[in-house]
Amino acid sequence: MVNDLMNVIDFDACGLDMHRMASKLFPICRSITGDGLRKTLAIIAREIPLQITEVPSGTRVFDWIVPREWNIRGAWIKDSSGRRIVDFADTNLHVVGYSTPVDATVSLAELEKHLYSLPSQPDAVPYITSYYEERWGFCLTHRCRQELADGDYHVFIDSDLSEGSLTYGEVLIPGETRDEIFLSTYVCHPSMANNELSGPVVATYLVKWLLTRPRRYSYRVIFVPETIGSLTYLSRNLDSMRRHVVAGFNLTCLGDGRAYSFLPSRNGDTLADRVALNVLRHEHPEFIQYTFLDRGSDERQYCSPGVDLPVVSVMRSKYGAYPEYHTSLDDLNLVTPAGLQGGFDVVRMCLDLLENNYFFRTTCLGEPQLGRRGLYPTLSTRESSQQVQEMMNLLAFADGTADLIEISNCIGVPARRLHSLAQTLGAAGLLTAVSG
Amino acid sequence: MVNDLMNVIDFDACGLDMHRMASKLFPICRSITGDGLRKTLAIIAREIPLQITEVPSGTRVFDWIVPREWNIRGAWIKDSSGRRIVDFADTNLHVVGYSTPVDATVSLAELEKHLYSLPSQPDAVPYITSYYEERWGFCLTHRCRQELADGDYHVFIDSDLSEGSLTYGEVLIPGETRDEIFLSTYVCHPSMANNELSGPVVATYLVKWLLTRPRRYSYRVIFVPETIGSLTYLSRNLDSMRRHVVAGFNLTCLGDGRAYSFLPSRNGDTLADRVALNVLRHEHPEFIQYTFLDRGSDERQYCSPGVDLPVVSVMRSKYGAYPEYHTSLDDLNLVTPAGLQGGFDVVRMCLDLLENNYFFRTTCLGEPQLGRRGLYPTLSTRESSQQVQEMMNLLAFADGTADLIEISNCIGVPARRLHSLAQTLGAAGLLTAVSG
Amino acid sequence: MVNDLMNVIDFDACGLDMHRMASKLFPICRSITGDGLRKTLAIIAREIPLQITEVPSGTRVFDWIVPREWNIRGAWIKDSSGRRIVDFADTNLHVVGYSTPVDATVSLAELEKHLYSLPSQPDAVPYITSYYEERWGFCLTHRCRQELADGDYHVFIDSDLSEGSLTYGEVLIPGETRDEIFLSTYVCHPSMANNELSGPVVATYLVKWLLTRPRRYSYRVIFVPETIGSLTYLSRNLDSMRRHVVAGFNLTCLGDGRAYSFLPSRNGDTLADRVALNVLRHEHPEFIQYTFLDRGSDERQYCSPGVDLPVVSVMRSKYGAYPEYHTSLDDLNLVTPAGLQGGFDVVRMCLDLLENNYFFRTTCLGEPQLGRRGLYPTLSTRESSQQVQEMMNLLAFADGTADLIEISNCIGVPARRLHSLAQTLGAAGLLTAVSG
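Residues numbered from 1 in each chain as written. Chains lettered and ligands numbered in written order. Predicted model: local features only at pLDDT ≥ 70, side-chain atom pairs only at ≥ 80, totals over all residues. Heavy atoms only, no water.

Draft legend 1. Examining the pattern of salt bridges more closely. Scanning the entire structure with this criterion turns up 87 salt bridges over all chains. Two residues, Asp 256 of chain A and Arg 258 of chain A, come together in a salt bridge whose shortest N-O distance is 2.8 Å. Classification of Arg 258 of chain A as partly exposed rests on a relative accessible area of 44%. Of the charged contacts in the structure, one is a salt bridge between Glu 390 of chain B and Arg 417 of chain B, with a shortest N-O distance of 2.6 Å. Taken as a pair, Glu 390 of chain B in helix 11 (residues 386-397) and Arg 417 of chain B in helix 13 (residues 415-427) lie far apart in primary sequence, 27 residues in all. The network of salt bridges with common partners includes Asp 35, Arg 38, Glu 54 and Glu 69 of chain A. (Salt bridge = Lys/Arg side-chain N within 4 Å of Asp/Glu carboxyl O. Buried < 20%, exposed > 50% of the residue type's maximum accessible area, 1.4 Å probe, protein only. Helix = DSSP H or I, 4+ residues; strand = E, 2+ residues; numbered from the N terminus.)

Draft legend 2. Structural context of the relation of the copies chain B and chain A. For these two chains of identical sequence, chain B goes onto chain A by a turn of 120° and a shift of 0.1 Å along the axis, with RMSD 0.1 Å. What the rotation and shift describe, once combined, is the action of a three-fold rotation axis. Considering only C-alpha atoms, the part of chain B nearest the rotation axis is Asp 269 of chain B, at 13 Å. (Least-squares fit on C-alpha atoms with pLDDT ≥ 70 in both.)

Draft legend 3. Inspection of the packing of helix 12 (residues 404-411) of chain B against helix 13 of chain B at higher detail. Residue and element names in this part refer to chain B. Interaxial distance between helix 12 and helix 13 falls to 9 Å at its minimum, and their mutual angle equals 110°. Comparing the axis directions of helix 12 and helix 13 gives the class roughly perpendicular. Considering the relative orientation of helix 12 and helix 13, their crossing is right-handed. Residues Leu 404, Ile 407, Ser 408 and Ile 411 of helix 12 pack against Ala 415, Leu 418 and His 419 of helix 13. Within the contact of helix 12 with helix 13, the residues separate by chemical class into 5 nonpolar, 2 polar and no charged. (Axes fitted to C-alpha atoms, helices over the stretch in contact; angles between N-to-C directions. Parallel < 35°, antiparallel > 145°, perpendicular 65-115°, else oblique. Left-handed = near helix turned anticlockwise from the far one by under 90°. Contact = heavy atoms within 4.5 Å. Nonpolar A, V, L, I, M, F, W, Y, C, P; charged D, E, K, R; others polar.)

Draft legend 4. Representation of the state of the cysteines in the model. Inspection of every chain in the model, using the stated rule, returns 0 disulfides over all chains. The thiol sulfur of Cys 350 of chain B is not disulfide-bonded, and the nearest other cysteine sulfur, from Cys 303 of chain B, lies at 15 Å. Under the relative-accessibility criterion, Cys 350 of chain B is labelled buried at 0%. Here Cys 29 of chain C is not cross-linked by a disulfide; its sulfur's nearest cysteine counterpart is in Cys 139 of chain C, at 11 Å. (Disulfide = S-S within 2.5 Å.)

Draft legend 5. Molecular detail of the interface of chain B and chain A. Taken residue by residue, the interface counts 25 residues in chain B and 30 residues in chain A. Counting every contact that joins chain B to chain A gives 4 salt bridges. When the shortest N-O distance is used, the salt bridge between Asp 399 of chain B and Arg 266 of chain A registers 3.0 Å. Counting every contact that joins chain B to chain A gives 11 residue pairs in polar contact (both at pLDDT 80 or more). Counting only elements with at least two residues in the side of chain B that touches chain A, the list comes to helix 11 and helix 12 of chain B. With 6 residues, helix 11 of chain B is the largest single contributor of residues to the side of chain B that touches chain A. Classifying every residue of the side of chain B that touches chain A gives 13 nonpolar, 7 polar and 5 charged. (Polar contact = N/O pair within 3.5 Å; in protein donor to acceptor, adjacent residues only side chain to side chain.)

Draft legend 6. Representation of the packing of aromatic side chains within the structure. If you walk through the whole model with that rule in mind, you get 33 aromatic pairs over all chains. Relative to Phe 138 of chain A, the ring of Trp 136 of chain A lies with its centre 6.2 Å away and its plane at 75°, an arrangement referred to as edge-to-face. Neither residue differs from the other here; Trp 136 of chain A and Phe 138 of chain A are each classed as buried. When the centroid spacing of 6.0 Å and the interplanar angle of 20° are considered together, the rings of Phe 11 of chain C and Phe 344 of chain C count as stacked. Separated by 333 residues along the polypeptide, Phe 11 of chain C in the loop between helix 1 (2-5) and helix 2 (15-25) and Phe 344 of chain C in helix 10 (residues 337-356) bring together distant segments of the chain. One exposure class covers both Phe 11 of chain C and Phe 344 of chain C, and it is buried. Among the aromatic residues, those joined into a ring-pair cluster are Trp 64, Trp 70, Tyr 98, Tyr 131 and Tyr 132 of chain A. Taking NZ or CZ as reference, Arg 316 of chain B lies 3.9 Å from the ring centre of Tyr 260 of chain B, over its face. (Phe/Tyr/Trp six-rings, centres within 6.5 Å; stacked < 30°, edge-to-face > 60°. Lys NZ or Arg CZ within 6 Å of the ring centre and 35° of its normal.)

Bear in mind that shape data such as this cannot, by itself, settle questions of function.
Here you go:
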């Protein structure tokens, strides 16, 4: 962490730093409100200039109402011998999220109505919540559940649901223009790593990286509880966001090493879609292409009719599409430093491309004479180098109507290599960036 | 027919009724003019409020002229022994349509010039006409023809071609709006069942069904002789039809049980095309897709340049594409009650979808909270029901620019299930129909 | 050549004439300037009314400058025994184009720096130039090069680079309208046949053919040195060409018999693209489709941003895509009379289609009654002839918004057959040509 303290992070090798940060956040019992959420945001605020907002319970947000705040201190099930067979202290997944308090002795038959396990994954504790209907419940491995003997059980949940607030954090990073790139991640899941901690740690490191570099765009980065948090944020910022946001990314599931995945915006043709697809096709051509029908995170709000923000998701293994999803198996063995680095890199390349994505126009009619500028072999042979060909192709398509992404798509050269060629040609006075 | 008399038809099981009606019409010798056509329309007029129009021979219709009226009372070929080897009384297909009268004794060599048979289908009597050039002729099985011995034959056709009129029928059914759905079928073929009687009987039962239900659209249903009849009708109604018709269907070949088929409009992208393709893709995904180049019925007129009506054909086995087509084998064994019911149902679903095809818009920003309306499971698990997902997808695409068909195409859910979900969401105040 | 003198060429069988003309031009040492180029244009000017233009060295053309003029009289390498091991008199490919004069004795090691050969094609002399950087060099077979013994060599090139001019030729053929078809070919390569002599000889015979026929379009045909010549021509004619040129063809590689090839314009959707693709798909469906990324001739200038002329290349074996390209093996055995005839024919068909490519509209509503015009069988049978069907399809799509090419593409009938049907229907008063 020396680098970190000295503020000189090697962003090409920050996977371990991100993994350590995820480890710090892992044990906290987050939910869509409450002290676990606050504590998480406080830890993030030590890393980046996070601004915290509290929105009172009962506040109307579009069709929804901010719920009462939930906090929990402990919970267990004891068998008739007094042995704790399930304990919140072992993993906070053991309690159904938003469980009401309970302290009672119940028969096994009664207890069973409040238990959740996965027969197909007998060693996994599932993740279950009940935000909008009051109930209590415990989640446990199916193996443990099957060993429960007849008899009475003492169930105890030390929680409360009370007027309070929903907490979220945001970072606004100014750039040369007021046009904004929007990054959103969520912080409402208890001890799970790919979905969710990979999201906030990659977001945190993207903010650190953005702060070190010149920025054409302004950046709006938010850390919110999923669904109710994104709705709350939208309800307070929609006008400004609709005016300024040119591209957005929902940051989730960025930490395992098994796949790259893409989920488009509703219309599928926004700048964010074009950027993400260009990067993925060149950098990870084996990526999994989902459709908007496979959505399941905050793009559900960002892309809803009337909101219509250009938000996509670039992910590693997508929520719902890997076996450990929403169970205790989604842990910090599944998420690795290399996996996080890969997730960080692919989003960073998207942001880089956005920053570099200008429309280009040649400065002369016909092909320029690259030779007298030292950019072309002076001897004609049957082969001309790949770079010369790429330069000629860039010039051939630089008619002022195509941006870097479109030229890249036309000529099959990665946008970031084109960006470097465009700089060479710009320095030679042969190419200018124009507004599209 | 008790149901029919009491006017309470079960339209989900009216195949047998339609088959009986076809049986009544089958023996009549129809042509593009004449008493057989009149008698056919009179039988239909007993079932539905058909308005009959007579258009005099010699009337100019676009590039055509209504021909003289043709009637026939009998016809036969006798061999030298006086035996009737071909008799119109057996099947009216035996005489070439529009044959001039003849009463002569001819040699076999001379007779052969007036005979038509099918070597490849030796037991079938082909269907042949000569509307616009005077000739006489007989159609017979190839087997029969091959048995003809040398010698003289007495040929006799008791027909006449004289000034008269072309007859057609129409039903105009008013709806809430003046926008019209157009249904066209033809009534000019003698004893053949799939092409043609399936068309007029399905049209008749569609009219019965339409009369029992509220209608957003008005309906224009016509029973005309093919080509000259549709041209005649167009020449008298084109302005009004171009103003009002939003979708049309040419009703033909709707009675066998072997296939579903689709023939698009010339441009292929009209409302009629979209409706028919949506219904067929979901209800009969194995349907045969033809192109406009495969056309051969009255869409040739309805989709011609300058007419440009949005007319498609949804069929069972398409004319020209089944071996019995235009022969005596196209009979009431080929056309079955179940075949007719299937043909009726698929067109009825198209009309239903047209009636239900509104543009939809959500009433709130972001996703609505379905949970507090009892439309969403209160407990989050890894799976949400198919219906919830379909509702969420409907809401996600209900941005006011997409009609039910487009939403159905986007989310892969049959339009009629979407219609029912839209009603549920509408009742919950979450969705409204808007004009597109 | 009797036919030629009498000015009655059989353009369906002029391959041998073209091959003889190529033979006359073959030995001349052409380059992008100089007397070889002038002599070539003079020979062409004996065949067609070619107008010659000289553009002085030093003239600025867009980003380029017309280079000094290069002329060469002789060149050789002698070994220490005085034997000429390489001699310009054997083939002009032996000298690197634009070689500066030299007369020196050099060691083998020094000589090697100035030698070019192809290890993979040991019997071929490669074609090498150095227009914009002064050097001298010799090209030879790799076999010959490998036999060079240690020792001194006498190298001699009797050339000069001096102020002079760049020469090009053009033919302007007026037509009924000022709209122009543009044909461009190049005349700057020494003794090579497919790339390049097939281009100028086919261009010459196209001009002869155009002069014999009525012309809706005007034609602009140019014979220029590649790159610097097309840039020079553009720099003097761009405004007029942008106003008038509706379609253009770069004529190159039209003489071998192995393939047909197509290289589109930058945007790929110009009239020239549509014409060429229609012709090739029907006449040579096995043609090789290249993309604009495979370009390599003067379309690089004609399709550059800001120039944007609708120019494509219809070729036999494309430059760079056959093994003999840019070597001494690209000779008059590779290029054959039949190969040249095929190249001539395919371009001629493109020009024919352009001349005949009108928008068509039917003159009546509904289908016309072809029968009473003798264009339709009077007896209905199950089959109607292919020609009737093609006529009906032509009429069905002749709505005034589609040109002959689009109708051909819609109905799958070669445009030239459609043209003939359109004439029949036009003569019958059923179809008129309209402006699109």
